[in-house]
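# Remarks on the overall topology
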Amino acid sequence: MPVPEGVFAAPDRFAYTDFLDFLRTYDLAASVIRTRDDYRDVTYEYLAGCARDGALYVELTASPDHAALVGLSDEEHLDGIARGIDDARRDFGIEGRILISCVRNFGTEQAVRVARYAASRPHEYVVGFSMAGDEENFPAGDYVEAFEIAAGAGLGCTVHAGEWAGAESVRAGIGLPVTRIGHGVRAIEDPELVREIAERGIVLECCPTSNVVLRAFDSYEDHPLPRLREAGVRVTLGSDDPPYFGASIGGEYAVCRERMGFGDDALREITRTALEAAFCDETLKVGLIRRADGRV
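What this report covers is the structure whose coordinates are included nearby.

Calculation notes
Counting restarts for each chain: residues are numbered from 1 in the order of the written sequence. Per-residue local features of the predicted model are confined to residues with pLDDT of at least 70, and side-chain atom pairs are confined, for both listing and counting, to 80 or more; whole-chain, interface and lining totals are unaffected and use all residues. Heavy atoms from the whole structure form the basis of all side-chain values; hydrogens and water molecules are not counted. Counting from the N terminus, the helices are DSSP H or I runs at least four residues long and the strands are E runs at least two residues long. Both definitions apply: the radius of gyration is a C-alpha atom measure, and the globule rule equals 2.2 Å times residues to the power 0.38. Accessibility here uses a 1.4 Å probe with only protein chains present; expressed as a share of the type maximum, an area under 20% marks a residue as buried, one over 50% as exposed, and anything in between as partly exposed. Residues count as neighbours in contact if any of their non-hydrogen atoms are within 4.5 Å of one another. Methods summary: accessible areas were calculated by the Shrake-Rupley approach with a probe of 1.4 Å, and residue burial reflects only the protein chains presented. A positive count includes Lys and Arg, and a negative count includes Asp and Glu. His and the chain ends are not counted in either. By convention, charge coordinates are those of NZ in Lys, CZ in Arg, CG in Asp, or CD in Glu. Put simply, buried Ala, Val, Leu, Ile, Met, Phe, Trp, Tyr and Cys residues joined by side-chain atoms within 4.5 Å make one nonpolar core. By convention in these notes, a salt bridge is any Lys or Arg side-chain nitrogen within 4 Å of a carboxyl oxygen on Asp or Glu. A cavity, in this analysis, means grid points on a 1 Å lattice covering only the protein atoms where a 1.4 Å probe fits yet has no way out; a pocket is instead an open set bounded by protein on both sides within 12 Å along at least five of seven lines, and a residue lines either one if it has an atom within 4 Å of a point. Grid points are joined across faces, edges and corners, and a volume is the space filled by probe spheres set on the points. Lys, Arg, Asp and Glu make up the charged group, whereas Ala, Val, Leu, Ile, Met, Phe, Trp, Tyr, Cys and Pro make up the nonpolar group; the residues left over, Gly among them, are polar. What counts as a ring pair is set by centres within 6.5 Å for rings of Phe, Tyr and Trp (its six-membered ring), and what kind of pair is set by the plane angle: stacked under 30 degrees, edge-to-face over 60, tilted for all other angles. Whether a charge sits over a ring comes down to the Lys NZ or Arg CZ being within 6 Å of the ring centre and within 35 degrees of the ring normal. To get an axis, fit a line to the C-alpha atoms, keeping to the stretch in contact for a helix; angles then go from 0 to 180 degrees between the N-to-C directions. By the definition used in this description, the sense in which the near helix is turned from the far one sets the handedness, with an anticlockwise turn below a right angle giving left-handed and a clockwise turn giving right-handed. For two strands to be treated as a pair, DSSP must find no fewer than two bridges joining them. When the strands point away from the viewer and the connection leading from the first strand across the helix to the second strand turns clockwise, the crossover is called right-handed.

## Examining the overall build of the protein
If you tally the helices and strands in the protein, you get 14 helices and nine strands. Computed over its C-alpha atoms, the radius of gyration of the protein comes to 18 Å, within 12% of the 19 Å expected for a compact globule of 296 residues. Structurally, the protein occupies a C-alpha span of about 45 × 45 × 45 Å along its principal axes. Expressed as a percentage of its 296 residues, the buried residues of the protein come to 52%. Long-range pairs, those at least 24 residues apart, make up 66% of the contacts in the protein with a sequence separation of at least 6. Carbon and sulfur atoms form 49% of the exposed surface of the protein, whose accessible area is close to 13,000 Å². When the 31 positive and 51 negative side-chain charges of the protein are each reduced to one mean point, those points stand 5 Å apart.

Given below as structure tokens:
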């Protein structure tokens, strides 16, 4: 099957010119992921790479909307991802769970449909609900109903904000029933917002390489992650969309060490924060923390 024109800038790197083009490329790439085996393979290969970097646990973002666009049923979509998780656990000892994500620019009604689907707990590995897409033109406040459905069903909730849109998008995001914000780093533009995030213990899922490559910040040295952490904000590290940036979870830890001055203790704290903020069940969480602490 030919990959649509314009997806690749290099053999291992997606092409895009700005954030909206970034989203368009994502849609094109997803258009050739068409079977449950495709989703199994993508999941397995990604988790294998994370395991090689030393990761213990990954929450994967799954978009039922993109699977539906190629004619894949919700059941086939989740089954493929779950098989990838199971096979990676068997081969590498890494654990994975699934966040069901709606897409802002597909509209509020579709977001509610996806939230209801996630709330039905269609698979034991589904532990959370997320929202991605165009944060600048589709404000978070329009999606309250979807998040109330997901949170009401006991799912952990997170939302992309403060990546391309400014601090106001983060403020709208924390108005939803969420405990984490995807990115959220442009909260640094509003000191009062930073204080509120710290006081409420909301966790920011930071992806420095993504932010620098997309020019949200000019360099790693300009990235606000250290300042947010110094202000008492709980932070974690994520690889965002690796095919766009050549990013990896291990690479993000290396960036924090080499370009932001984080030592071993700070990086261990970030790892522990990630595990404490994970949406998985408590038994798995405790076991993962014990592994991270070297107690098993």
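## Comments concerning the nonpolar core
For soluble globular proteins, nonpolar side chains are generally found buried alongside one another. Ranked by size, the top nonpolar core spans 70 residues in total, and within it Ile98, Ile100, Phe129 and Phe147 carry the most contacts. Ranked by residue count, the leading element in this core is helix α5 (residues 108–119), at six residues. Once residues lying within four places of it in the same chain are set aside, the contact partners of Ile100 are Ala62, Pro64, Leu78, Val114, Tyr117, Ala118, Val126, Gly128, Phe129 and Ser130. Of all hydrophobic cores here, the second largest spans 11 residues; its members include Leu56, Ala278, Leu284 and Ile289.

## A word on the environment of Phe129
Looking at the element boundaries, Phe129 is found in strand β5 (residues 126–132). The exposure class assigned to Phe129 is buried, which follows from its relative accessible area of 0%. C-alpha separation for the pair Phe129 and Ala88, spaced 41 residues apart in sequence, amounts to 23 Å.

## Let's talk about the pattern of salt bridges
Inspection of the entire model under this criterion finds 29 salt bridges. Residue Arg180 is joined to Glu59 by a salt bridge in which the shortest nitrogen-to-oxygen separation is 2.8 Å. Here Arg180, found in strand β7 (residues 180–183), pairs with Glu59, found in strand β3 (residues 57–62); they are 121 residues apart in sequence, far enough to count as distant. Here Arg180 and Glu59 have matching classes, each one buried. Note that Glu95 is salt-bridged to Arg89, the shortest N-O span being 2.8 Å. On the basis of relative accessibility, which here comes to 28%, the residue Arg89 falls in the partly exposed class.

## Let's talk about the layout of surface pockets
Reported here for the second largest pocket is a volume of approximately 170 Å³. If you trace the second largest pocket, you find it lined by Tyr253, Arg257, Asp264, Leu267, Arg268, Thr271, Arg272, Leu275, Ile289, Ala292 and Asp293. When residues of the lining of the second largest pocket are traced back to their parent elements, those giving at least two are α12 (249–258), α13 (264–276) and α14 (282–292). Here the lining of the second largest pocket gets six residues from one element, more than from any other, and that element is α13. Grouping the constituent residues of the lining of the second largest pocket by class yields five nonpolar, one polar and five charged.

## So, the packing of aromatic side chains
In this structure the tally under the stated criterion is four aromatic pairs. A ring pair is formed by Tyr16 and Phe22, whose centres lie 5.7 Å apart and whose planes are at 80°; its orientation type is edge-to-face. Residue Phe22 is classed as buried on the basis of its relative accessible area of 4%. If you follow Arg40 out to its NZ or CZ, it ends over the ring of Tyr44, 4.3 Å from the centre. A cation over a ring is seen here: Arg180 above Phe279, with NZ or CZ 3.8 Å from the ring centre.

## Topic: the packing of helix α2 (residues 36–52) against helix α4 (residues 74–92)
When two helices pack together, their arrangement is given by the angle between their axes and by how far apart the axes lie. Across the interface, α2 lies against α4 with an axial gap of 7 Å and an inter-helix angle of 35°. As α2 runs across α4, the sense of the crossing is right-handed. On α4, the residues that touch Arg36, Asp37, Tyr39, Arg40, Thr43, Tyr44, Leu47, Ala48 and Ala51 of α2 are Glu76, His77, Asp79, Gly80, Ile81, Arg83, Gly84, Ile85, Asp87, Ala88, Asp91 and Phe92. A breakdown of the residues in the contact of α2 with α4 according to their chemical character gives nine nonpolar, four polar and eight charged.

## Considering the sheet that holds β7
Spatially, seven strands are ordered β3-β4-β5-β6-β7-β8-β9 in an open sheet, and the strand pairing comes out parallel. Each edge of the open sheet carries a strand with a single partner, namely β3 and β9 (234–237). The sheet shows a mean angle of 30° between the axes of neighbouring strands, taken without regard to direction.

## As for the side chain of Asn211
Mapping Asn211 onto the fold places it in helix α9 (residues 208–213). Not counting the four nearest positions on each side in its chain, Asn211 is found in contact with Glu163, His183, Val185, Ala216, Phe217 and His223.

## Looking at the pairing of strand β6 (residues 156–161)
Across the six residues that make up β6, a large majority, six, are buried. On β6, burial covers both faces: Gly156, Thr158 and His160 on one face and Cys157, Val159 and Ala161 on the other are all buried. Relative to β6, β5 runs parallel, the two sharing two bridges. For Phe129, the partnering residue across the bridge sits in β6 and is Cys157. The β-α-β motif built from β5, the intervening helix α6 (residues 144–152) and the parallel element β6 has right-handed crossover chirality. Note: β6 against β7, four bridges, orientation parallel.

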